Number of protein chains: 2
Amino acid sequence: MRWVCGLGVGLGLAGSCLLGQSGPALPAKVFGFRDFGATEARWDKAFLAVPDPALAREHLKRLTAAPHWASSPEDYATALYVADRFKAAGLETTIVPYRVQLNRPVKILVEAFAADGARLMTGPQAEHVDGTDGGDPYQNDKRILPAFSGSSPSGDVTGTVVYANYGTLADFKRLQEMHVSVRDKIVLVRYGANFRGVKVYLAQQRGAKGVLIYSDPADDGFARGDAYPKGPFRPESGVQRGSVQFLPIFPGDPSTPGYASVPELPDAERVAVGKGQVTQPSIPVNPLSWKDAEPILEAMGGASAPANWQGGLPFNYHVGASGRKAVKVHMRLVQDIALRTIWDVIGKIPGVGGAEKDDLVVAGNHRDAWVFGAVDPSSGTAAMLEAVHGLGTLLQAGWRPKRTLVVASWDAEEEGLIGSVEWVEQHPELMKRTVAYLNTDVGVSGPSFSASAVPSLKEFVSDVTKEVESPAGGSVHEQWRLDQERAHPKEPVSEPKIDALGSGSDYTPFLQHAGVAATDIGSNGPYGVYHSAFDNFNWFVKNADPNFLYEQQQARVFGLEMLHMADADVLPMDYGAYGAEVVGYLSEVRAKAEEKGLKLDFTKTQQAAMRFEAAGVAARVRQDAGNVDAVRMNRALKETEVALLLPNGLPGRGWYKHSVYSPGEYTGYQAVVIPGVNEAVTLGDRARAQSQLQGLADALGRASAVLESVGR
Amino acid sequence: MRWVCGLGVGLGLAGSCLLGQSGPALPAKVFGFRDFGATEARWDKAFLAVPDPALAREHLKRLTAAPHWASSPEDYATALYVADRFKAAGLETTIVPYRVQLNRPVKILVEAFAADGARLMTGPQAEHVDGTDGGDPYQNDKRILPAFSGSSPSGDVTGTVVYANYGTLADFKRLQEMHVSVRDKIVLVRYGANFRGVKVYLAQQRGAKGVLIYSDPADDGFARGDAYPKGPFRPESGVQRGSVQFLPIFPGDPSTPGYASVPELPDAERVAVGKGQVTQPSIPVNPLSWKDAEPILEAMGGASAPANWQGGLPFNYHVGASGRKAVKVHMRLVQDIALRTIWDVIGKIPGVGGAEKDDLVVAGNHRDAWVFGAVDPSSGTAAMLEAVHGLGTLLQAGWRPKRTLVVASWDAEEEGLIGSVEWVEQHPELMKRTVAYLNTDVGVSGPSFSASAVPSLKEFVSDVTKEVESPAGGSVHEQWRLDQERAHPKEPVSEPKIDALGSGSDYTPFLQHAGVAATDIGSNGPYGVYHSAFDNFNWFVKNADPNFLYEQQQARVFGLEMLHMADADVLPMDYGAYGAEVVGYLSEVRAKAEEKGLKLDFTKTQQAAMRFEAAGVAARVRQDAGNVDAVRMNRALKETEVALLLPNGLPGRGWYKHSVYSPGEYTGYQAVVIPGVNEAVTLGDRARAQSQLQGLADALGRASAVLESVGR
């Protein structure tokens, strides 16, 4: 149903009609507001009218004009651009520098030789597509760095090459079953299935002397659809850059574990390179295009790779011969590893809500890119800037947020979430007052909306999407629902599924280190040029969002998230839903333990989870009642997430403190739920699992007590 | 456990020990024999000692010395060779000619042009591999016919090409949903998923003007493993020939539906070409290698093919552009369609079993090949000849079968089961006396034993495999069981699964037209050169069975099948097991009907199936009792299968008379069980389904009455 101007809910704000806003009717009731229709709705309506496709286009064009790798002059130029837009909207804006360790490639050489010594390839070759289908106007920019892996050390190694599929734990086990050792070998793996740093982590643990990671056309190339510039998928020369830091141990600057890399920090207070930097690989790593990997893979002998290891290149894949028949690879990487300055841009709109005015809502997106970063992350930044534009219009109209709203443009996310991690580590006192963190990263790569969130905020995200028009018709919520229904035609979807938060973007320090409830949103489509030079303005307008209507949509959704969270009477957090999910996670891990024959006592933890769910349901009833003490309730709702932190964090990776969500040690991106318990069960470690069950029970007990403290 | 000579069951036949036989201990009891250990076991033991790897090698070498397409002089030479071997073993041997319609390619041209008129390819190119990995010593034989489709008419057509994946019913529906018409187009499909004639059947029904069928490397080429001559899979130039007759309507000579193509049959009594030959396509059809198909597929525009239509070639697959952007294909096929003489070889060992001596056991394998046919079918013929060798040794030792044993070497199976169909159609009176038909086709392509059978004979097949040693250790039965367990590690296998009989080999006329219980056996492995010039002796010894030990195994299994079925006291047929399967098939089709909302009354048919199962179980109890009237029981067991025939056959394809098993109208190879009912339900045709349920109930009632007639 389309909302018709002058009809729908009467809001007494005809101005927004004059501004041309149309879209779904605004609801009369929204979770978190006592009388949404009479209060917040007018600001929503005024806000929704502002985000402008043409301005989003201009932001994207400016942000992607040059490669802007973190710490580069071009990166600083984008910080200035963002700061200017923040200031123009009326935000109190500062550019916050950190000095962090980054490697910059000086010389990257990968070459391969057949068993008879004949040269198979010399690379990496530069990314290049020919002139058909319009070619690519960005690829010859001299400022493009050679494709490299963030966090790779320098190195000069030569060795027999072994193909290890995606380099998952299961893949390395399979190699072992085939009696193929990776010790002192160079491991060639393809992107996909897990975080690239995990591939390196596993290979290094098994004694590999180097790792090459390539993009197989089966995964994001021609086998998925036409390659760029004809279509959106990865062309033969396209390379996925990316960090290979051991992110599941901790993210951020590897030289300052758990504390901030402020510019004035003395070097003596840092962990130096090679002196116990536990998140940095000790072996050289580099990415390759499939064009560069192809001659190596084709020449490799040894056993045929298992059936599901076969990729999309036109020959049978082998795991690699050893001895006299071995294919040899030589990697010579010269990295300039140094402390470099990066720049977060922080904009603030002070709150005016009495006792809660100094509580914080933080919304953010990173700004640094491996190359031009049109989709990742500039599409998110363009949407964020149009959301800020909308907030500026509201400020001019007299709106002030109840809570203080902070909008952040993080730097050096690509090297390991550095800009956000250092900021969170610098401001523990702010974290205590932060009620929620709202993230976006890849803002728009296509038309399919998606979201991740802590369970308490799923209804909040869903509510916001019902107010925003989709370029495809109806509301974002309706198109999102239909997308999920189309993906599984036999399962009717009434409420679209929202995923758990794993890692790979800037919500990680907020949620998993500081215990701040978080959400993450994006709008997705076929996107095969991730982290390559082809993720540029030309790709974006051909494939992702030619008319910037999804940019407009995302600006509206992101901005409404900020508005609602900053203005809510009672925070829109449903801990009944949170509790129900935790109860479900426990059932699953219990079944997994039973399947493995691991005898564990779940009694106390299950009781704690049920108490948590009951306390959440009771709180929700009071939240909806209207006569609640909002300040006290909001404090409890905020502190409930903090109470879920484990005092000592997860085993072996204490930086990750959340008892319910973390990136998996062996997955990286994907969330492992109730990770302490789940990973102990996976390892078959009964004692550890029982102790983790106790820690979880304690956390759930603390969280229940917080919720119960506001009365029954 | 290995059987040790001199130990195990004492048989008083030390000779077989001297002959070097070892292997699993022979069982004391075998289904069908009153006192197996004291009677038949000695013949089994003597038989098992005979089949000889070196002689099997010699047979294969001789049979595959030249391409021996049905009706060719070289085919006749193989008939003479087989007849000689039969005679040498003491079989009464005749060469039985038929005059049947076969097309022989005179000129085959396929060429393709891009939208701008540029030539994309001219073919088909000859099959050829280069000299690496030993090359191929057979590929340059001048007698190799150009790759062609059996049953294709001549034709000269030019049209826009459309890619239709495997050409299944679902694939053509998907094209329709994408608004892509195949009318007046040339349809390019890949091999796999269904019988190639069904692809043509569906394309022709939808108005296509020609069909090209190619072998995609994802299905039997490099994506599965190394290509020949390095490995066993299809090289780039390898072509799968094959018949595209509409086999699910009826098989055999298209000019003599339901009657025999005896040499003296006047032409006037035949259905002439173009005068209502319902099993012959009206549009030209030809196979292609992927090397020939690649430039066509790569140039095709239009929409991207659905994700699971993507094959193994290194570009994105498209369904084909229309109009000015269309890729055009020109096919000019000149076929010499003529009546040609083919030669079955029939060997006979008369029975001596009193009232049952004229009952027949028929065992067969075809002999014609598309080219050299090392695996298909000569590996089966070599095994059969060594089985016959064993029978000859028994004859010399004084053995005579109880029932008459017929061993058949069928011709022109490749063109549509012609040699066996015509023989069955010629001998309705023999069919009345035939208790079982034992088939082998692809005897050996690797080490994995497999079998199909009517349910009544599954125990019979299983029993035989327990007596034969596997080259991998233990019995064939044990390795077969382990193979199935390895394929699904989480499902323990106690008794290996035996498949239902669909079509694609010579059991079809026996079982599905004449109601003769049947089995089919083979030993399989990676085999990508099916129906190509590379299915030759060189491929075989490199990939399938270098030492001919699996040939020996298959000779032993096949020979024991013949021995046991010819000598059984009471026929080893379990109709309790048959009934249980029919009851299961009915439950499945009932669930399918309910899912489709098709209201059907299953009551009578379910009662009939349960009666059939009960009658089968009761008969089995009596069979095992030992005091049964064997002649009467055997007659009933034999007639039960006949009673399952439908008097009018299946709707629209009355040649197929069996109520429980037929090839699927839209699958071809794969069995559709209780096909009348299942296909009506698939079509959503309530009236037809109800009438078919009645027909099935009647058949089951007749079969039950036969079983019940021998007393309770």
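Chain A is annotated in an unreviewed UniProt entry as N-acetylated-alpha-linked acidic dipeptidase of Granulicella pectinivorans.

**What about the pattern of salt bridges?**
Inspection of the entire model under this criterion finds 56 salt bridges over all chains. The salt bridge involving Arg340(B) is made with Asp336(B); its shortest N-O contact spans 3.3 Å. The network of salt bridges with common partners includes Glu459(A), Asp574(A), Arg620(A) and Asp624(A).

**Section: the packing of aromatic side chains**
Residues and elements named next belong to chain A. Per the stated rule, a full pass over the model turns up 56 aromatic pairs over all chains. When the centroid spacing of 5.5 Å and the interplanar angle of 45° are considered together, the rings of Tyr 228 and Phe 534 count as tilted. In this pair, Tyr 228 is assigned in the loop between α7 (217-220) and β7 (242-243) and Phe 534 in the loop between β14 (517-524) and α15 (537-544), connecting sequence segments 306 residues apart. Considered together, Tyr 228 and Phe 534 belong to a single accessibility category, that of buried residues.

**Things to note about the UniProt feature "domain: Transferrin receptor-like dimerisation" (unreviewed entry) in chain A**
UniProt marks residues 608-707 of chain A with the feature "domain: Transferrin receptor-like dimerisation" (unreviewed entry), using the numbering shown here. The span residues 608-707 of chain A is 63% helix and 6% strand, and its two end C-alpha atoms sit 13 Å from each other.

**A word on the relation of the copies chain B and chain A**
The two chain copies are connected by a rotation around an axis plus a translation along it. The transformation that overlays chain B on chain A combines an axial shift of 0.1 Å with a rotation of 180°, and the residual RMSD is 0.0 Å. What the superposition gives is, in effect, a two-fold axis relating one chain to the other. A high fraction, 100%, of the interface residues of chain B reappear at the interface in chain A, so the copies pair face to face through one surface.

**Observations concerning the interface of chain B and chain A**
If you look at the interface, chain B gives 14 residues, while chain A gives 14 residues. At the boundary of chain B with chain A, total buried surface from both sides reaches about 1000 Å², with 51% on carbon and sulfur atoms. It is Phe222(B), Pro314(B) and Asn316(B) in chain B that bury the most area against chain A; as a group they hold 43% of the surface buried on that side. Linking chain B with chain A are zero salt bridges.

**Things to note about the pairing of strand β6 (residues 210-214) of chain B**
All names here are of chain B. Counting buried positions over the five residues of β6 gives five, a clear majority of the element. Going residue by residue along β6, you find Gly 210, Leu 212 and Tyr 214 tucked away on one face and Val 211 and Ile 213 tucked away on the opposite face as well. In terms of strand pairing, strand β5 (residues 186-190) meets β6 through five bridges, oriented parallel. Bridging across to β6, Leu 188 finds its partner in Leu 212. Following the chain from β5 across helix α6 (residues 196-205) to the adjacent parallel β6, one finds a crossover that is right-handed. Pairing of β6 with strand β8 (residues 285-288) involves four bridges; the strand directions are parallel. Bridging from a neighbouring strand, Tyr 214 pairs with Leu 288 of β8.

**With respect to the UniProt feature "domain: Peptidase M28" (unreviewed entry) in chain A**
On the UniProt side, "domain: Peptidase M28" (unreviewed entry) is annotated at positions that read residues 345-538 of chain A here. Counted over residues 345-538 of chain A, helix gives 35% and strand 23%. Its end C-alpha atoms are 27 Å apart.

Procedures and definitions
Residues numbered from 1 in each chain as written. Chains lettered and ligands numbered in written order. Predicted model: local features only at pLDDT ≥ 70, side-chain atom pairs only at ≥ 80, totals over all residues. Heavy atoms only, no water. Salt bridge = Lys/Arg side-chain N within 4 Å of Asp/Glu carboxyl O. Phe/Tyr/Trp six-rings, centres within 6.5 Å; stacked < 30°, edge-to-face > 60°. Helix = DSSP H or I, 4+ residues; strand = E, 2+ residues; numbered from the N terminus. Buried < 20%, exposed > 50% of the residue type's maximum accessible area, 1.4 Å probe, protein only. UniProt positions renumbered as here; feature names shortened; annotations may be inferred. Least-squares fit on C-alpha atoms with pLDDT ≥ 70 in both. Contact = heavy atoms within 4.5 Å. Buried area = accessible area lost by both parts, 1.4 Å probe. Pairing = 2+ DSSP bridges. Right-handed = clockwise from strand over helix to strand, strands pointing away.

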